[in-house]
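Structure at a glance
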Amino acid sequence: MALYEYVTQEQLAGFDKYKYSAVDSNPLSVYVMHPFWNFVVKFLPTSLAPNLITFTGFMFLVLNFLMLAFYDFDFTASAAAHVHVPSLVWVSAGIFNFLAYTLDGVDGKQARRTNSSTPLGELFDHGLDSWACIYFVATVYSIFGRGECGVGVATLYYILWVVLFSFILSHWEKYNTGILFLPWGYDISQVTISLVYMVTAVVGVETWYEPILFHFLYRDLFTFMIIACSFTVTLPMSLYNVLKAYRSNTLKHSNLYEAFLPFLSPVLLFILSTIWVVFSPSNILELQPRTYYLMVGTAFANVTCKLIVCQMSNTRCQALSWLLLPMSLVVALAVTGVVASETLLLYLWTAAVILAHIHYGVSVVQQLSDHFNIFAFSLKKPNSD
């Protein structure tokens, strides 16, 4: 039995009818990465469950996050006059990031190779992807840090939100059109990040202090590329695909209100977290940037996973995530100064958010495993000897 039934009977019935539909037109993915993944998957044993591959890749990103947290918890190690992250750590980060990206590309091929594709596999994959956003963004941040030539913690906070909304756009598209349009930025960013880690190991973080042209620094290029890609490619393409479906009467939901409903909880989460940042009595983002990013990214993943469940089961999106209710109280306690230690409050709330999200994920995976009569991490059948 599942720990808690987060997936309704209506949604379970929707999962039974689910068919995967995606469009991947990125030349890097089509002509380079897919042939590479087809080559790699041949070396994997056919007894290896695709979900185990997915989870292993995700844990490489978590390992990167924890490794950099140990050497650079407050994002100051890359600044001048600070003890820098060892070169071997950057090499490890590059290898782990590329392994995570490779395993994320191989898991689906392994599922088709072993004839074990299920809606649970896709949900597990995309659910972990939603949580992975915070881990790779926070890890990359350590390259520049928040020194004189780095990126301010507030700037990175808003960059993180650009990345988060870019991620949810793809699933919002699928919620409305039934087709997952895979974003070009993901493949390009993952290959670039892996290479930058390796380059940093060789040339040192001091290289990023120097301007590229005139007074234009590498940190400015980092910021520009993320924002430009989101607002000139990802957002316009998502809006175009949804409006095209609306004009052709193929929109899966009855009106524009229903079509845009999935954005309500993410926007409210952004508002609540930003209120805490702006009105924090102790300037919590300056004091605890890594913990704050982790809290926001995990809460976002929880909201996004619920949207993914709805779009895969072809059911109406939940208007308001329950997690936002206690968060409203936490933010109120923080900004009014009622709580003596704002840092302790952040730690407790972050722990609560992580535990709630893990509980949600385990419950949904267990519920769907029971429904489809499969094991999440094994190709054996529950009723087999």
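Above this text sits the structure in question.
The following paragraphs examine the structure supplied in this document. (Residues numbered from 1 in each chain as written. Predicted model: local features only at pLDDT ≥ 70, side-chain atom pairs only at ≥ 80, totals over all residues. Heavy atoms only, no water.)

What about the state of the cysteines?
One pass over the full model with this rule turns up zero disulfides. Cysteine 229 carries a free sulfur, and the closest cysteine sulfur to it, the one in cysteine 133, is 13 Å from it. Look at cysteine 229 and you get partly exposed, because its relative accessible area is 30%. No disulfide involves cysteine 305; its sulfur sits 11 Å from that of cysteine 133, the nearest cysteine. On the basis of relative accessibility, which here comes to 8%, the residue cysteine 305 falls in the buried class. (Disulfide = S-S within 2.5 Å. Buried < 20%, exposed > 50% of the residue type's maximum accessible area, 1.4 Å probe, protein only.)

Side note on the packing of aromatic side chains
Evaluation of the coordinates by the stated rule reveals 31 aromatic pairs. Look at tryptophan 90 and tyrosine 197: their rings are 5.9 Å apart centre to centre, the planes differ by 20°, and that puts the pair in the stacked class. One end of the pair, tryptophan 90, is in helix H4 (residues 87-113); the other, tyrosine 197, is in helix H7 (residues 184-203), with 107 residues separating them in the sequence. No difference in accessibility class separates tryptophan 90 from tyrosine 197, as the two residues are buried. Centroid distance tryptophan 161 to phenylalanine 300: 6.1 Å. Interplanar angle 90°. Geometry classified as edge-to-face. Placement of tryptophan 161 in helix H6 (residues 153-177) and of phenylalanine 300 in helix H12 (residues 289-313) is noted, with a sequence separation of 139 residues between them. Tryptophan 161 gets classed as buried once you look at its relative accessible area, which sits at 2%. When its relative accessible area of 0% is taken as the criterion, phenylalanine 300 is described as buried. Members of the aromatic cluster, joined through ring pairs, are Phe36, Trp37, Phe98, Tyr101 and Tyr186. (Phe/Tyr/Trp six-rings, centres within 6.5 Å; stacked < 30°, edge-to-face > 60°. Helix = DSSP H or I, 4+ residues; strand = E, 2+ residues; numbered from the N terminus.)

So, the environment of phenylalanine 375
Examined against the element boundaries, phenylalanine 375 turns out to sit in the segment after helix H14 (342-372). It is 25 Å that separates the C-alpha atoms of phenylalanine 375 and threonine 315, two residues lying 60 residues apart in sequence. Each residue touching phenylalanine 375, except ones within four places of it in the same chain, is listed here: Lys380, Lys381 and Pro382. (Contact = heavy atoms within 4.5 Å.)

Brief notes about the nonpolar core
In terms of nonpolar packing, the biggest core is built from 107 residues, with Tyr135, Trp276, Tyr292, Tyr293 and Met295 touching the most fellow members. Here this core takes 16 residues from helix H5 (residues 119-144), the largest share from any one element. Those residues within four positions of tyrosine 135 in sequence are excluded, and the remaining contacts are Phe58, Leu61, Val62, Phe65 and Leu294. (Core = buried A, V, L, I, M, F, W, Y, C linked by side-chain atoms within 4.5 Å.)

Some details on the layout of surface pockets
By volume, the second largest pocket is sized at about 470 Å³. For the second largest pocket, the lining is made up of 22 residues, of which Phe124, Leu128, Gly361, Val362 and Val365 are closest to its centre. Of all the secondary-structure elements, those providing two or more residues to the lining of the second largest pocket are helix H3 (50-71), H5, H12 and H14. Take the lining of the second largest pocket: its biggest share by element is 10 residues, from H14. Per-class residue counts for the lining of the second largest pocket are 16 nonpolar, five polar and one charged. (1 Å grid on protein atoms, 1.4 Å probe; cavity = no way out; pocket = protein on both sides within 12 Å on 5 of 7 lines; lining within 4 Å. Points joined across faces, edges and corners; volume = space filled by probe spheres on them. Nonpolar A, V, L, I, M, F, W, Y, C, P; charged D, E, K, R; others polar.)

Some points on the side chain of lysine 109
Its place among the elements puts lysine 109 in helix H4. For the buried lysine 109, no salt bridge is present, and the opposite-charge side chain at shortest range is aspartate 24, 8.2 Å distant. Among residues more than four places away in sequence, those in contact with lysine 109 are His34, Trp37, Asn38 and Val41. (Lys, Arg positive; Asp, Glu negative; His and termini not counted. Salt bridge = Lys/Arg side-chain N within 4 Å of Asp/Glu carboxyl O.)

Interpretation in functional terms is not warranted from these geometric data alone.
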